[in-house]
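Residue-level listing of the chains:
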Amino acid sequence: MAADPQQILALRNDPASIAPERAIVFEVEGSLKDFYEQARAIGLEYLGDYEDDFAPSGDFYDQDDPGKSLAGRIYLAMPDVQALRELLSLWRRYKNNERMPTGRGPWRELFSQLIDVRPWGPQDRIPDETIKAFAEDLERAPDAPVRFEVELWYHENAERRAGAIGRLTADIESAGGAVVDHAVVSEIRYDAALVDLPAASVRTLLDNPDIGLARADDVMFLRPQSVARSPASEIEGENGPGAGAAPVFVSDEPIAALLDGLPVENHARLAGRLRVDDPEGLAETYPVAQREHGTEMASLIIHGDLNHGEPPLPRPLYVRPVFRPTQGGERTPDDRLLVDVIHQAVRRIKVGEGQEPAAAPQVVLINLSLADEKRPFARIMSPLGRLLDYLSWRYRVLFLVSAGNITDRLKVEGYANWTDFEAANAEDREKAVFASLNAQKSQRTLLSPAESMNALTIGAAHAGSAFNGGFPAGRIDPFTAEGVPNIISAMGLGFKKVVKPELLFSGGRAPVQMAATGGELVVMPVRAGAQHFGLKVARPSAAGGTSFEDFTWGTSAATALATRAAHRIHDVLLDGDGGSHHADVTTNELPLLLKALMVHGAQWSNKGAMLDGFFGPQGQGSHLARRDDITRLLGYGVPDIQRVLDCAENRATLLGTGTIDADSAVLYRIPLPDGLDGVRALRGLTTTLAWFSPVNPRHQGYRMAALDVSAASDDKYWMADERDSYQPTDKAVVRGTVCHERRTGEAARVFVDDGNLLLRVSCRAAAGTLADPVPYALAVSFEVAIDTGIPVYEQVRERLGVPVRAGIAAGA
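Fair warning: this is a prediction, and the values are worked out from it, not measured in the lab. (Residues numbered from 1 in each chain as written. Predicted model: local features only at pLDDT ≥ 70, side-chain atom pairs only at ≥ 80, totals over all residues. Heavy atoms only, no water.)

Student: Is there a simple way to explain the packing of aromatic side chains in this structure?
Tutor: Each aromatic ring pair is summarised here by two numbers: the centre-to-centre distance and the angle between the ring planes. Under the counting rule described, the total for this entry stands at 13 aromatic pairs. Relative to Y702, the ring of F495 lies with its centre 5.3 Å away and its plane at 80°, an arrangement referred to as edge-to-face. Pair noted here: F495 is in the loop between β19 (456–461) and β20 (503–506) and Y702 is in strand β31 (residues 702–703), with a separation of 207 residues, a long-range link. Y702 shares its class with F495; the two are buried. An angle of 85° between the planes, with centres 5.1 Å apart, marks the rings of F533 and W553 as edge-to-face. Here F533, found in the loop between β22 (521–525) and β23 (535–538), pairs with W553, found in the loop between β24 (548–552) and α15 (555–573); they are 20 residues apart in sequence, far enough to count as distant. With respect to class, F533 is no different from W553; both count as buried. We note R743 situated over the ring of Y717; from NZ or CZ to the ring centre the distance is 3.9 Å. (Phe/Tyr/Trp six-rings, centres within 6.5 Å; stacked < 30°, edge-to-face > 60°. Helix = DSSP H or I, 4+ residues; strand = E, 2+ residues; numbered from the N terminus. Buried < 20%, exposed > 50% of the residue type's maximum accessible area, 1.4 Å probe, protein only. Lys NZ or Arg CZ within 6 Å of the ring centre and 35° of its normal.)

Next comes the structure, spelled out in structure tokens:
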């Protein structure tokens, strides 16, 4: 027998990376961490960076009994038939309590962690969330057909794909059903169908999964239909000002796109400011009174929170409706695969459809204030997440995606009833709610496509202009400050423990109310009354007016504000008349500059320090797990966009853009102010590196380009050498496609390296051969305490020898 374990199998975390005939499943009993330690001990390759500190209780759970011990499943790729035979032979020996062959003794320890070793089967094709969704559909409409998605194993060969969908169609039709939609996106290895199956056939499928569709070799997964929806909300607002003067734009070319519902185009706040692209003619069938979500999001992007009175954006907003009106609200099309809807919409924007030219080729920002309520993130990258990653790379656009709203009830530990909760100290209540959120993180995870690697994911900060310091009786503010997520904002982390959501923007200072009491307290978010805690927006009026305004909240609203912030940064960057030195940046460079600068001003609030002292585990070597849990809540924090836009005498921000090849590095020299040479003074260094990575869905690494920024001097970060404690760890920040950290220093340091701080941007291939150069943007800020009197900006500008304005216009 071969001595190399890799000749037997290779572990995978995602079945999409495995050929169907080689898909083998290990069912793990107990701790997955223990399993991975045994796998590593015998030399098996696995996702080491991800799995080393993997917490099974945070990713595998029973929704009805979160404390229940469950088996995890590990997917395996078999190199060939001989390897399969050898593996099964070893497993049979173990099950029969026979001695292992010479050199195979360690496999006994690995197998002791397992319940079963078997080929891909029905129990894998029908995940638990699908079973639950089927049951809910049958209970709601016992005799109606059930609509769901079938994800097929992707075949490189077009004839094999055609054969697979042909066989699926025949199986569905023979059961009395129909294929409603079918889509293939080869770049992300996606082949799926939307199907209807009679209720009786679905019941048979649930009762006897070993027969029928669940045994079809072509089928990888049966999934609930991907749906994003916005339920109709209560109308509590009032009429605002009437229409003003026609807008005057700096350009008629939109640079931001909104994929959402159809807005009220002639609303007083929106008239003349939208470029609605409605190729399907939805305006004819979309009642004005139902155009809520698109109107609200457009209002927030263009004006921000109306209570703040900010100036509108100086460019039109491109809008492509992807919602449809339904009874009780709006939702994505019920007869289309959501992946195909978004794919088609983005291609229409950037390259056009058929003979039609690109609808808005200058767009560099795309707002997706939507989330798939049927696809909570659970370790596997969703098809929609993969699509956004591919589209970001292919078309150089920055997606801003909502983390998702989790409106589930929350059991609050330590309180028997509402009376005790009301009477408690506000800080104690806050700690109890944070502890409860952390304990239930596996049920409050991101909603697809928020796990997208290349996108910026936005959570809802606990802030809203409507809050006036108090709430009506029976409602309690769960938090004491605004720099934390509100109660419904979905929690990270993302795929391979990437920092997600990266940023928090205002999403309403949302209170909680009692849901159940008696021995234990259960609370829930207040769903109505946003006029007490939300953000003011334009809304359609039931009476048909065009100046109605109301309040909204949640991660959708936060994402719209994030898109507005990115647009504002864009306008300053391109303001050549205002003195910007970056007015000539290309459309391809802009998305990554915006991505870097959006994150550049972010940091944890003082709640980061509180949570670091409060969360477990505590003790030596435990900070990685603890701060990962804080990062689930805070991401990189709330960004100070005004700080990024404004100049300051004691701060200089420098920007760099370019491309980098695998296994190479780029050296940056950051000039430092002469007045700091040998002077003891508090100083800070903030670095943010952003890139778009191509992805390889066939590889367990997925993200093909791993970039990082590090000190290139022999004396490391000699001018600001201490990494700030209260931020995501140095292990966490390198997992995704944005790397952001803050450093400080205070000791007197004599200049080295000719008074330059040397930074190195490096790139390595992380998921197969990386043939194409990778685009990136780097933002570096250096500042000193104001009381030093050192004119940092002026001295850095002089050393650069470039006469540019302050703020983000300074260039590297």
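Student: Would you mind going over the environment of A765 with me for this structure?
Tutor: Within the fold, A765 resides in strand β35 (residues 756–765). Residue A765 is classed as partly exposed on the basis of its relative accessible area, which comes to 33%. Linking A765 and L197, residues 568 residues apart in sequence, is a C-alpha distance of 44 Å. The residues touching A765, leaving out its near neighbours within four places in the chain, are A662, M704 and L770. (Contact = heavy atoms within 4.5 Å.)

Student: What exactly am I supposed to notice about the packing of helix α10 (residues 292–303) against α15 here?
Tutor: In a packed pair of helices, the relevant descriptors are the angle between the two axes and the axis-to-axis distance. Their axes nearest at 7 Å, the elements α10 and α15 cross at an angle of 35°. For the pair α10 and α15, the crossing hand works out as right-handed. In this structure, α10 contributes H293, M297, L300, I301, I302 and H303 to the contact, and α15 contributes S556, A557, A560, L561, T563 and R564. In terms of residue class, the contact of α10 with α15 is made up of 7 nonpolar, 4 polar and 1 charged. (Axes fitted to C-alpha atoms, helices over the stretch in contact; angles between N-to-C directions. Left-handed = near helix turned anticlockwise from the far one by under 90°. Nonpolar A, V, L, I, M, F, W, Y, C, P; charged D, E, K, R; others polar.)

Student: Looking at this model, I keep getting lost on the nonpolar core. Mind explaining?
Tutor: Considering soluble globular proteins, one finds that nonpolar side chains tend to be buried as a cluster. Grouped together as the largest cluster of nonpolar side chains are 96 residues, with contacts concentrated most on F505, M598 and L707. Of all the elements, α15 adds the most residues to this core, at 9 residues. Apart from the residues within four sequence positions on either side, M598 is in contact with L400, L456, L503, F505, A562, A565, A566, I569, P639 and I641. A257, F323, A360 and L370 belong to the second largest nonpolar core, which has 38 residues in total. (Core = buried A, V, L, I, M, F, W, Y, C linked by side-chain atoms within 4.5 Å.)

Student: Please clarify how the pattern of salt bridges should be interpreted in this entry.
Tutor: Two side chains bearing opposite charge may form a pair once their charged atoms approach each other closely. Applying the stated rule across the entire model yields 42 salt bridges. Across the pair D252 and R275 runs a salt bridge, and its minimum N-O distance is 3.9 Å. Within this pair, whereas D252 is found in the loop between β10 (238–239) and β11 (256–260), its partner R275 is found in strand β12 (residues 274–276), the two being separated by 23 residues in sequence. Taking the shortest distance from any N to any O, the salt bridge between E353 and R348 comes out at 2.6 Å. A residue is classified by how much of its surface remains accessible, and R348, at 8% relative accessible area, is buried. (Salt bridge = Lys/Arg side-chain N within 4 Å of Asp/Glu carboxyl O.)

Student: Explain the environment of E430 to me, please; I cannot follow it from the model alone.
Tutor: In this fold, E430 is placed in helix α14 (residues 426–439). C-alpha separation for the pair E430 and Q225, spaced 205 residues apart in sequence, amounts to 37 Å. When near neighbours in sequence (up to four residues on either side) are disregarded, E430 contacts P478, F479, T480, A481, K607 and M610.

Student: Where do I start with the confidence of the model for the protein in this structure?
Tutor: Low pLDDT marks stretches whose predicted atomic positions should not be read closely. On average, the protein scores 88 in pLDDT, and the residues at 70 or more come to 91%. Scored below 50 in pLDDT, residues 803–812 makes 45 contacts in the model with residues more than four places away or belonging to other chains. (pLDDT = per-residue confidence, 0-100.)

Student: Is there a simple way to think about unusual backbone geometry in this case?
Tutor: Geometrically, the link from G492 to L493 is a cis peptide bond, its omega value of 10° lying close to zero. For L493, the location among the structural elements is in the loop between β19 and β20. In this structure, the amide linkage connecting G616 to the following residue, P617, adopts the cis form with an omega of -5°. Relative to the helices and strands, P617 is located in the loop between α17 (607–614) and α18 (623–634). The phi torsion at R379 lies on the positive side, around 80°, for a residue other than glycine. Within the secondary structure layout, R379 lies in the loop between β16 (365–368) and α12 (383–395). Even without being glycine, R396 reaches a positive phi, approximately 55°. Mapping R396 onto the fold places it in the loop between α12 and β17 (398–402).

Student: Would you take a moment to explain the sheet that holds β16 for this structure?
Tutor: Within a beta sheet, neighbouring strands are joined by backbone hydrogen bonds and run either parallel or antiparallel to one another. Spatial ordering of the open sheet is given by β12-β13-β11-β16-β17-β19-β20, a layout of 7 strands whose pairing is parallel. Of all the strands in the sheet, just β12 and β20 have a single pairing partner and so form its edges. Across the sheet, the mean angle from the axis of one strand to that of its neighbour is 30°, orientation sign disregarded. Pairing of β11 with strand β13 (residues 317–321), which is carried by 4 bridges, proceeds in the parallel orientation. (Pairing = 2+ DSSP bridges.)

Student: Which parts of the structure should I look at to understand helix α11 (residues 338–350)?
Tutor: For an α-helix the count is 3.6 residues per turn, leaving residues at separations of three or four pointing the same way. End to end, α11 covers 19 Å across 13 residues, agreeing with the expected 18 Å (1.5 Å per residue, within 8%). Of all 13 residues in α11, 10 are buried; the element is thus mostly enclosed. Among the residues of α11, L338, V339, V341, I342, H343, A345, V346, R348, I349 and K350 are the ones counted as buried. Directly beyond the C-terminal end of α11, a positive phi value near 90° is found at G352. (Expected span 1.5 Å × (residues − 1).)

Student: I keep staring at the pairing of β19 and nothing clicks. Help me out?
Tutor: A regular strand places its side chains on the two faces of the sheet in alternate fashion. Burial analysis of β19 places 6 of its 6 residues in the buried class, which makes it a mostly covered element. Pairing geometry for β19 and β20, over 4 bridges, is parallel. Pairing of A460 across the sheet is with F505, part of β20.

Student: Help me understand helix α8 (residues 158–174), please; the structure alone is not making it clear to me.
Tutor: In this model α8 runs 24 Å from its N-terminal to its C-terminal C-alpha over 17 residues, within 8% of the 24 Å that 1.5 Å per residue would give. For α8, the full list of buried residues reads R161, A164, I165, L168 and I172. Buried residues of α8, seen end-on, are gathered within an arc of 90° and therefore sit on one face of the element. In α8, those exposed residues whose orientation departs by more than 90 degrees from the buried face are E159 and S174. Looking at the residues trailing α8, positive phi occurs at G176, about 90°. (Arc of directions from axis to C-beta.)

Student: Just to check I follow, could you spell out the side chain of R627 for this structure?
Tutor: For R627, the location among the structural elements is in helix α18. Residue classification places R627 among the buried positions, given a relative accessible area of 13%. Looking at R627, its side chain comes within polar contact range of the main-chain oxygen of S725, at 3.5 Å. In this structure R627 touches W604, D612, S725, Y726, Q727 and T729, once residues within four positions along its chain are discounted. (Polar contact = N/O pair within 3.5 Å; in protein donor to acceptor, adjacent residues only side chain to side chain.)

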